[in-house]
There are 2 protein chains.
Amino acid sequence: MTNDTLLRALAREATDYTPIWLMRQAGRYLPEYNATRARAGSFLALAKSPALATEVTLQPLERFPLDAAILFSDILTVPDAMGLGLYFAEGEGPRFERPLRDEAAIRALAVPDPAVQLRYVIDAVRQIRQALAGRVPLIGFSGSPFTLACYMVEGSGSDDWRALKTMLYARPDLLHRILEVNARAVTDYLNAQIEAGAQAVMIFDTWGGQLSHAGYETFSLAYSRRVLAGLKQQEGRRVPSILFTKGGGAWLEAMAASGCDAIGLDWTTDPAAARKSVGARVALQGNLDPSALFAPAERVRAEARRVLDAFGAAPGHVFNLGHGIAPQTPVDSVAALVDEVRTYSRKMRAPAQTKA
Amino acid sequence: MTNDTLLRALAREATDYTPIWLMRQAGRYLPEYNATRARAGSFLALAKSPALATEVTLQPLERFPLDAAILFSDILTVPDAMGLGLYFAEGEGPRFERPLRDEAAIRALAVPDPAVQLRYVIDAVRQIRQALAGRVPLIGFSGSPFTLACYMVEGSGSDDWRALKTMLYARPDLLHRILEVNARAVTDYLNAQIEAGAQAVMIFDTWGGQLSHAGYETFSLAYSRRVLAGLKQQEGRRVPSILFTKGGGAWLEAMAASGCDAIGLDWTTDPAAARKSVGARVALQGNLDPSALFAPAERVRAEARRVLDAFGAAPGHVFNLGHGIAPQTPVDSVAALVDEVRTYSRKMRAPAQTKA
């Protein structure tokens, strides 16, 4: 591989600089992404075409010297493959035609075969890996069992997840049944991505932070742990895993003991406190506030340095945002960010050379 | 006062049981509230009528043996009094006709006189206090300087607070100017409530949890601290203050040193970890997940016991939800909750009697 800085940082090995990639880096802030999406006709058509998914996955790498590619796909491919009927209403978030509201539907829920119902994703992974030609590693991903369940029960995004929470408190047995199926489905899905060429995987637990302290362990982390325990290694080489819970700052110690190699930090978490809490067990990824990219370039650079300083020069930091990049983000801000992280972190990690 | 359990718990004195009140306890889950609101014609007409505000403030106390009344008012009365033009579009959250987007408007921002522009609130406090006739204490409240600024800059609620965050990163000087005015305005507003009869006050920092770790201290806590330092004591008696930051679980230690008497905990925070982090400096209020009230009564009671056990029997716990009560909450769930908290906490706090 030409650039394996990300994989070394995830293994907490020394690197010349801090690797950087951005959650949702192939996305609507890029004019070329919007052009491809327009050609595809819809977001789902784009996500379901391996050729177009490959095209947009590579777009940010043409613009910026990023240290990883991440599979372009939707977070809800798995429940869609389970038959819930994913669709996007114009200008709105994802929705399911058949949300899980009755016991019979929940009992009937089955683990999809990634080689069949999710073949378009696995084909995309294979094609992206080939197109990358070893330039940078490819990260595969899935929603966490809990985050998938949120949408599956609610039928859409929500401010308060009332249907989900009602099931959680009134019929926890039904939610556990969904989560068990999801954990097996996510394990199979990520393993299929690894077999097709993903060199690292990330679990997005976008809504775990909506749970109570006790609920997070019971309904989210317990099932992510099962997934992590079931991940395959490829040809003897460890495929590192990154676990990200938005709003999970209070649970880092438990997350670090979950079997993951790295923890994604949202922008509210103090990197120094996070490192203290997890010790040397895992790498840390994050955590610039995505809104900082709305500032002028010089301020973006200053914020990047602040985040790098907060993580320090010890091995095991992967620079990222604390959440996905916003569609309205100026492209120039991203260029300034990537440049500053590269330049400044190189100086941080080679103090002797800087002084010479 | 007939029942001063809340004030004693806020002072971390021993009490016979754990006092309970609920954020937004005078609200849409109550049929009698909806009837009064319908009579008023609109939410704002209700909030701006001292007589009707008094009526709805007392309604939950007629149904449930709660240990406090909280002033019925809107969180955005202060910016409305500054001339921003608060209104509610049908079925939507609050909006401002004139959000703060240009420097001239921000420079012109002035602290309102509570006795003039906010007289309807101060009159309501006086009337409620009289109507309560010493039954339970009356809590006054305000939005935090930062949370008010969020709405003032954005012009409405938001998922990402993009206008606010853009100002924060690109023109922090302008945001600091707004926050300085807000801190003085909130101080005057809460002092006017105290003079009119509020026996405790609460600062709602609903959106502080959207800030980065560094940003929370700079843009939210620093200004809440100024408010807390400026609060009057009434006739030599301490008027306790409660500071609540939704999503502020990582910052409890700093909050405990802010000058407040108690910290409100959202439902994601572990009460035992919170107590460890703040020591004996402050009382703690919270933190049942409001969604737990969608469960059957027996499960509501079990969750109430779980929260009480997590806080323990040491003095200084005020039972509450981790966020405002949802409009769809069944009234019977609230009755079960209040009864269980009273009964179970009485047993917890008098183990000798229980055994006898």
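Residues numbered from 1 in each chain as written. Chains lettered and ligands numbered in written order. Predicted model: local features only at pLDDT ≥ 70, side-chain atom pairs only at ≥ 80, totals over all residues.

1. With respect to the overall build of chain A
Now for step 1: Scanning chain A from terminus to terminus reveals 16 helices and 9 strands.
Now for step 2: Relative to a compact globule of 356 residues, whose C-alpha radius of gyration would be 21 Å, chain A shows 20 Å and is just as compact.
Now for step 3: For the C-alpha atoms alone, the extent of chain A along its principal axes is close to 70 × 45 × 45 Å.
Now for step 4: A burial count over chain A gives 55% of its 356 residues as buried. (Helix = DSSP H or I, 4+ residues; strand = E, 2+ residues; numbered from the N terminus. Rg over C-alpha atoms; globule rule 2.2 N^0.38 Å. Buried ≥ 20, exposed ≤ 12 C-beta atoms within 10 Å, placed from the backbone.)

2. As for the interface of chain B and chain A
Now for step 1: Taken together, the contact between chain B and chain A spans 26 residues of the former and 26 residues of the latter.
Now for step 2: Ranked by residue count, the leading element in the side of chain B that touches chain A is helix 9 (residues 162-170) of chain B, at 5 residues.
Now for step 3: Here the side of chain B that touches chain A is composed, by residue class, of 10 nonpolar, 10 polar and 6 charged. (Contact = placed C-beta atoms within 7 Å. Nonpolar A, V, L, I, M, F, W, Y, C, P; charged D, E, K, R; others polar.)

3. As for unusual backbone geometry
Now for step 1: Put simply, Gly286(A) and Asn287(A) share a cis peptide bond, and its omega is -15°.
Now for step 2: Even without being glycine, Ala133(A) reaches a positive phi, approximately 50°.
Now for step 3: Relative to the helices and strands, Ala133(A) resides in the loop between helix 7 (119-132) and strand 4 (138-143).
Now for step 4: Residue Ala133(A) is classed as exposed on the basis of its C-beta count, with 8 C-beta atoms lying within 10 Å.
Now for step 5: Unusually for a residue other than glycine, Arg12(B) sits at a positive phi of about 55°.
Now for step 6: Along the polypeptide, Arg12(B) turns up in the loop between helix 1 (5-10) and helix 2 (31-40).

4. Description of the packing of helix 10 (residues 172-196) of chain A against helix 11 (residues 213-229) of chain A
Residue and element names in this part refer to chain A.
Now for step 1: Axis separation between helix 10 and helix 11 bottoms out at 9 Å; the angle between their running directions is 30°. Between helix 10 and helix 11 lies a crossing whose hand is right-handed. Along the contact surface, helix 10 presents Leu175, Leu179, Asn182, Ala183, Val186, Thr187 and Leu190, while helix 11 presents Phe219, Tyr223, Arg226 and Val227.
Now for step 2: Each residue belonging to the contact of helix 10 with helix 11 can be placed in one class, and the counts come to 8 nonpolar, 2 polar and 1 charged. (Axes fitted to C-alpha atoms, helices over the stretch in contact; angles between N-to-C directions. Left-handed = near helix turned anticlockwise from the far one by under 90°.)

5. Remarks on the relation of the copies chain B and chain A
Now for step 1: For these two chains of identical sequence, chain B goes onto chain A by a turn of 180° and a shift of 0.0 Å along the axis, with RMSD 0.0 Å. In symmetry terms, the pair is related by a two-fold rotation axis. Across chain B, the smallest distance between a C-alpha and the rotation axis is recorded for Ala250(B), namely 3.3 Å.
Now for step 2: When you check the interface residues of chain B against chain A, 100% turn up at the interface there too, and the contact is symmetric in its surfaces. (Least-squares fit on C-alpha atoms with pLDDT ≥ 70 in both.)

6. Quick notes on the confidence of the model for chain A
For any part of a model where pLDDT is low, the fine detail of the predicted coordinates should not be relied upon.
Now for step 1: Here chain A averages 96 in pLDDT, and 98% of its residues register 70 or above.
Now for step 2: For this predicted complex, the interface confidence comes out at an ipTM of 0.93, alongside a pTM of 0.95. (pLDDT = per-residue confidence, 0-100.)

7. Regarding the nonpolar core
Now for step 1: Counting residues in each nonpolar core, the largest one holds 237 residues, and the members touching the most others are Ile139(A), Ile263(A), Ile139(B) and Ile263(B).
Now for step 2: Residues in contact with Ile263(B), not counting those within four places in the same chain, are Leu243(B), Leu252(B), Met255(B), Ala256(B), Val278(B), Val282(B), Leu284(B) and Gln285(B). (Core = buried A, V, L, I, M, F, W, Y, C linked by C-beta atoms within 7 Å.)

8. A look at the sheet that holds strand 5 (residues 200-205) of chain B
All names here are of chain B.
Now for step 1: Across the sheet, 7 strands lie side by side as 1-4-5-6-7-8-9; this open sheet has parallel pairing. Sheet topology places strand 1 (69-70) and strand 9 (317-321) at the edges, where each strand pairs with a single neighbour.
Now for step 2: Pairing of strand 8 (residues 283-288) with strand 9, which is carried by 5 bridges, proceeds in the parallel orientation. By the bridge assignment for strand 9, glutamine 285 is matched with valine 318.
Now for step 3: Contacts from helix 10 (residues 172-196) reach strand 4 (138-143) and strand 5 within the one sheet, and its direction differs from that of strand 4 by about 165°. (Pairing = 2+ DSSP bridges.)

9. Brief notes about the environment of Gln328(B)
Now for step 1: Inspection of the secondary structure assignment puts Gln328(B) in the loop between strand 9 and helix 15 (331-349).
Now for step 2: Spatially, the C-alpha atom of Gln328(B) lies 9.4 Å from that of Leu293(B), the residues being 35 residues apart in sequence.

10. A few points about helix 10 of chain A
Now for step 1: With 25 residues, helix 10 of chain A extends 36 Å from end C-alpha to end C-alpha; this agrees with the ideal 36 Å at 1.5 Å per step.
Now for step 2: Gly197(A), located one to two residues past helix 10 of chain A, shows a positive phi value of around 130°. (Expected span 1.5 Å × (residues − 1).)

11. A word on helix 4 (residues 50-63) of chain A
Now for step 1: Those residues of helix 4 of chain A that sit buried are Ala53(A), Thr54(A), Glu55(A), Val56(A), Thr57(A), Gln59(A) and Pro60(A).
Now for step 2: Looking at the buried residues of helix 4 of chain A, the elements they touch are helix 2 (31-40), helix 3 (43-48), strand 1 (69-70) and helix 7 of chain A.

12. Examining the sheet that holds strand 4 of chain A
Residue and element names in this part refer to chain A.
Now for step 1: Across the sheet, 7 strands lie side by side as 1-4-5-6-7-8-9; this open sheet has parallel pairing. Every interior strand has two partners, whereas the edge strands, strand 1 and strand 9 (317-321), have only one.
Now for step 2: In the sheet, strand 4 pairs with strand 5 (residues 200-205) via 5 bridges, with the strands oriented parallel. By the bridge assignment, isoleucine 139 is partnered in strand 5 with alanine 200.

13. Quick word on the pairing of strand 6 (residues 241-245) of chain A
Within a regular strand, the side chains alternate between the two sheet faces.
All names here are of chain A.
Now for step 1: In terms of burial, strand 6 is a largely internal element, 5 of the 5 residues being buried.
Now for step 2: Neither face of strand 6 is exposed, since Ser241, Leu243 and Thr245 on one face and Ile242 and Phe244 on the opposite face are all buried.
Now for step 3: Alignment of strand 5 against strand 6, held across 5 bridges, turns out to be parallel. Bridge pairing in strand 6 links valine 201 to serine 241.
Now for step 4: Between strand 5 and its parallel partner strand 6, the chain crosses via helix 11, and the hand of that crossover is right-handed.
Now for step 5: Of the strand pairs in this sheet, strand 6 and strand 7 (residues 262-264) are connected by 3 bridges, and their pairing is parallel. Bridge pairing links phenylalanine 244 to glycine 264 in strand 7. (Right-handed = clockwise from strand over helix to strand, strands pointing away.)

14. Section: the packing of helix 8 (residues 145-154) of chain A against helix 10 of chain A
Residues and elements named next belong to chain A.
Now for step 1: Helix 10 packs onto helix 8 with a crossing angle of 125° between their chain directions and a minimal axis gap of 9 Å. By the angle class used here, helix 8 and helix 10 are oblique. Two packed elements cross with a definite hand, and for helix 8 against helix 10 that hand is right-handed. Across from Pro145, Phe146, Leu148, Ala149 and Met152 in helix 8, the residues of helix 10 making contact are Leu175, Ile178, Leu179, Asn182, Ala183 and Val186. (Parallel < 35°, antiparallel > 145°, perpendicular 65-115°, else oblique.)

15. With respect to the pairing of strand 8 (residues 283-288) of chain A
Residues and elements named next belong to chain A.
Now for step 1: Counting buried residues along strand 8, 6 of its 6 residues qualify, which places the element largely inside the surrounding structure.
Now for step 2: Pairing of strand 7 with strand 8, which is carried by 3 bridges, proceeds in the parallel orientation. Looking at the pairing, alanine 262 lines up with alanine 283 of strand 8.
Now for step 3: The handedness of the strand 7 to strand 8 crossover, carried by helix 13 (residues 271-278), is right-handed.
Now for step 4: Between the parallel elements strand 8 and strand 9, the chain passes through helix 14 (residues 297-311) in a crossover that is right-handed.

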